[in-house]
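If you want the building blocks of each chain, they are given just below.
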Amino acid sequence: MATRFGALSHPSAVIAHDAEVFHRAVLRNDPRNADALLGLGVLCLGAGRAGEAEALFRALVSVRPGPEASYHLGLALTALERPDAAAAYRQALVFRPGFPEALCNLGACLNAQGRLDEAGRIYRRVLVIRPDHAEALSNLGLIRQGQGMLERGVAAFCRALAVQPGNPDILYNLALALGAQRRLDEAAAAARRAVAIRILHADALSALGNLLRELDRLPPSIAAQRNAILLRPDHAEALNSLGNSLHDLGRLDEAVTAYGRAVASRPDFTNAHWNRALSRLLRGDLSRGWDDYEWRLRQEGFQAVGGPFPQPVWRGEDSSRGTLLVHAEQGFGDTIQFIRYVPAAVARGWRVVVEGPRPLLRLLGSLPVPADRVTLVAKGDPLPPFDTHCPMLSLPRAFRTEFGTIPAPIPYLGADPERVAAWERRLPPRKADTDPQGGLRVGIVWQGNPQAAVDRGRSVPLADFAPLARVPGVRLVSLQKNHGLEQLDRLPDGMTVTVLGPDFDDGPDAFLDTAAVMMGLDLIVTSDTAVAHLAGALGRPVWLALKAVPDWRWLMTREDCPWYPTMRLFRQTRPGDWRPVFARMAGELFQIMMARAMRKTGILVETAPGELLDKISILEIKLERIHDPVKRRHVETEHGILTRTAERHIPAVAELRELATALKTVNTALWEIEDAIRDCERTQDFGPRFIELARAVYRMNDQRAAIKRRVNERLGSALVEEKSYAAY
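Residues numbered from 1 in each chain as written. Predicted model: local features only at pLDDT ≥ 70, side-chain atom pairs only at ≥ 80, totals over all residues. Heavy atoms only, no water.

### Concerning the packing of aromatic side chains
- Counting across every chain of the model gives 19 aromatic pairs.
- Arranged with centres 5.0 Å apart and planes meeting at 45 degrees, the rings of tyrosine 71 and phenylalanine 99 form a pair that is tilted. Residue tyrosine 71 is found in helix 4 (residues 67–79), and its partner phenylalanine 99 is found in the loop between helix 5 (85–95) and helix 6 (100–112); the two are separated by 28 residues along the sequence.
- For phenylalanine 99, a relative accessible area of 3% translates into the label buried. (Phe/Tyr/Trp six-rings, centres within 6.5 Å; stacked < 30°, edge-to-face > 60°. Helix = DSSP H or I, 4+ residues; strand = E, 2+ residues; numbered from the N terminus. Buried < 20%, exposed > 50% of the residue type's maximum accessible area, 1.4 Å probe, protein only.)

What follows is the structure, encoded as structure tokens:
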């Protein structure tokens, strides 16, 4: 917010009315009275009647030309958002070259026109004249911020605040600059100070709401935005920001409503249309979501509407048997996901030219389409002739895609067979020591690009994958490239991850080795990265770890994925907490391993519940006392099978928990008795101590049998253990 001079004081309505009556009376008698023209013009400008003020100031310029007349004309033109305001300020400077207020306002005009270097020079002229000129310092800070010199911008705002510590506009600008530096706590503090000084500062309230959202403090962020909207119900930026915070909380219907109000206030508000698309798609409203999604093409950084091509955009019309250019956009994952539409376009009769990222072209070449119907071209290379074009992520709208009409059978991409064979020879063996069928090789990816805004909240610390590594028979294989590899150096105790070597996907072509390795893996577990899309496109089993409110394509509640049938979705239940996600994955993996083990033996035997709890208590004691890793894995496997069986069939009630605890106590005593008996055997001591230990065995076993019977009777078991011994 550039600060302009000429903000007028507002006299009371009575005083203003009386003054206006006076000036009009003077002008009726003397239409060229310069003082009356100036005074009435100032009153009109202060009352929001800038058009009338312009006419009065123009009359003043003709009657008494000079710096004040031209300066005030500039103020009126500025209020009318007229581009000739700068000329009026320049004329004022002709009369008075050192006029700081005119210089400042001229700088603001140049700033608004994007002429930052010129504006900066103007503000520096002001500071030569008056080094403590707060508005010039503040506006120079805005220039520095716009030029990317954030530190110098912050320094200028701080100098301005040293002159005017209570200026809420300067505090607001400082908050924006600190936010751009990601100094979020300091930025929020500056915004709070601005609001405390001027409680009706809607822009500062909205900025505070944005900063609180960046700090993941969503409820107070929503409160700040709502307060800004109360002050200015048509505040499009605040309405859009409110939608963002509601979206982040998963309150999608409310978010869509907020974005709709922003669009109603400013129909060409690109970001509000785009954000509404994301909320609509996330909640499954595909038809309206695709329509709003087209607004992405108007965002800064995206190509212009219609692309950089003179040919028309294809919007789903019937093919004229011509050539369609499909040009990739956004990330590698998006290209992998939406390349599926190319075979569908070919089926409609098009010849298709795909302009895509150079590193992906060899992978995309595995599409199941006739070679004479599709041409792949690297972005930036010369294109062959074509008749019409379509941005790749506009294809779902062109095809009127709903969940039941998503194209392309799975798999629609493939791995090079020679690479598959080569990597199969290099992959680590499965853990046959814990699973006669060879265990599971599980590929993992944990980190996206931390510099990308979309990665916020998506990546997972590698250490959180540790529960998967503890599942008997599972071997983790890293598919991670570039970011996050340093985490391999600080794995939790007991966690091992196989690394495939420096030549893994180190060439110019992306994902060729990754695709080949995936064909030799039993499962891929990944955060939301391009690897998830690759695994899905290859038809490989893939489990995707998702943050609480994920990217739009994963929807909000489904555990399956309509885009990739071989994918399962594991969602956070609390934002930022990955532990339950990976605990659930580990449980699912354990079930898979147990099912494999049970299929191998083929032996299923019913047992009494008392016997089951007895066996579990013995295994718990073994887990406490056995430290050999191989033996311990065997115990963990058996304990896992029996524990999950008990969870399914034995109710979790207090009485049964107490009986299970009693069984463990008895079995612990029996364990210690057996250890003592073995000590006697070792020392050949078969005297009174040995006899007492032997007697303790049958007494403890009788207690054990009685507890198991109580369990069986409590549950009405048809299987009841019976014993018959001579009385003692």
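### Overview of the sheet that holds strand 7 (residues 497–498)
- Across the sheet, 6 strands lie side by side as 7-6-5-8-9-10; this open sheet has parallel pairing. At either end of the open sheet lies a strand with only one pairing partner, and these are strand 7 and strand 10 (567–571).
- With respect to the sheet, helix 25 (residues 530–538) is in contact with strand 5 (440–445), strand 8 (523–526), strand 9 (542–546) and strand 10, its orientation differing from that of strand 8 by roughly 155 degrees. (Pairing = 2+ DSSP bridges. Contact = heavy atoms within 4.5 Å. Axes fitted to C-alpha atoms, helices over the stretch in contact; angles between N-to-C directions.)

### Some words on the confidence of the model for the protein
- Per-residue confidence for the protein gives a mean pLDDT of 89; residues scoring 70 or more make up 94%.
- The low-confidence segment residues 433–437 (pLDDT under 50) makes 10 contacts with residues lying over four places distant or belonging to another chain. (pLDDT = per-residue confidence, 0-100.)

### Some points on helix 9 (residues 150–163)
- Its 14 residues give helix 9 an end-to-end C-alpha distance of 20 Å, which sits within 8% of 20 Å, the value for a rise of 1.5 Å per residue.
- For helix 9, the complete set of buried residues consists of Gly153, Val154, Ala156, Phe157, Ala160 and Leu161. The buried residues of helix 9 all sit within an arc of 160 degrees when viewed along its axis, so they share a single face. (Expected span 1.5 Å × (residues − 1). Arc of directions from axis to C-beta.)

### Some details on the sheet that holds strand 3 (residues 374–378)
- Sheet architecture is open: 4 strands sit in the order 3-2-1-4, paired in parallel fashion. Both outer strands of the open sheet, strand 3 and strand 4 (388–391), are each paired with one neighbouring strand and no more. For this sheet the average axis-to-axis angle between neighbouring strands, irrespective of direction, equals 20 degrees.
- Pairing of strand 1 (residues 323–327) with strand 4 involves 4 bridges; the strand directions are parallel. Its bridge partner being in strand 4, histidine 327 is matched across the sheet by proline 391.

### Brief notes about the packing of helix 14 (residues 236–248) against helix 16 (residues 270–282)
- Running from N to C, helix 14 and helix 16 point in directions that differ by 20 degrees, and their axes come no closer than 10 Å. Here helix 14 lies roughly parallel to helix 16, going by the angle between them. Pair helix 14 / helix 16 crosses with left-handed handedness. Residues Asn240, Asn244 and His247 of helix 14 form the contact with helix 16, whose own contacting residues are Asn271, Ala272, Asn275, Leu278, Ser279 and Leu282.
- Its residues assigned to classes, the contact of helix 14 with helix 16 comprises 3 nonpolar, 6 polar and no charged. (Parallel < 35°, antiparallel > 145°, perpendicular 65-115°, else oblique. Left-handed = near helix turned anticlockwise from the far one by under 90°. Nonpolar A, V, L, I, M, F, W, Y, C, P; charged D, E, K, R; others polar.)

### Section: empty space enclosed by the protein
- Taken as a whole and assessed by the stated rule, the structure comprises 3 cavities of 30 Å³ or more.
- Of the volumes computed, that of the largest cavity is approximately 50 Å³.
- Here the lining of the largest cavity is composed, by residue class, of 4 nonpolar, 1 polar and 4 charged. (1 Å grid on protein atoms, 1.4 Å probe; cavity = no way out; pocket = protein on both sides within 12 Å on 5 of 7 lines; lining within 4 Å. Points joined across faces, edges and corners; volume = space filled by probe spheres on them.)

### Focus on a nonpolar patch on the surface
- On the surface, a nonpolar cluster with roughly 310 Å² of combined accessible area is contributed by Ile199, Leu200 and Leu231.
- Assignment of secondary structure puts leucine 231 in helix 13 (residues 218–231). (Patch = residues over 30% accessible without salt bridge, like charges linked within 9 Å, V, L, I, M, F, W, Y side chains within 5 Å. Areas by Shrake-Rupley, 256 points an atom, 1.4 Å probe, with all protein chains shown as cover. Salt bridge = Lys/Arg side-chain N within 4 Å of Asp/Glu carboxyl O.)

### Regarding the environment of threonine 335
- Mapped onto the elements of the fold, threonine 335 is located in helix 18 (residues 332–338).
- The spatial distance from the C-alpha of threonine 335 to the C-alpha of proline 357 is 8.6 Å, given a sequence separation of 22 residues.
- Ignoring sequence-local partners within four residues, the contact set of threonine 335 consists of Ala328, Glu329, Pro357, Leu360, Leu364 and Met392.

### Points about unusual backbone geometry
- Following isoleucine 410, the chain continues to proline 411 via a peptide bond in cis, the omega torsion being 0 degrees.
- Within the element layout of this structure, proline 411 appears in the loop between helix 21 (395–398) and helix 22 (417–426).
- Residues other than glycine seldom take positive phi values, yet arginine 400 does so here, at roughly 50 degrees.
- You will see that glutamine 684, though not glycine, has its phi angle at about 55 degrees, which is positive.

### Considerations on helix 14
- Under the 1.5 Å per step criterion, the end-to-end length of helix 14 is 19 Å for 13 residues, consistent within 8% with the ideal 18 Å.
- In terms of burial, helix 14 is largely enclosed, as 11 of its 13 residues are buried.
- Of the surrounding elements, those touching the buried residues of helix 14 are helix 12 (202–214), helix 13, helix 15 (252–265) and helix 16.
- Among the residues trailing helix 14, glycine 250 stands out with phi positive, at a value near 80 degrees.

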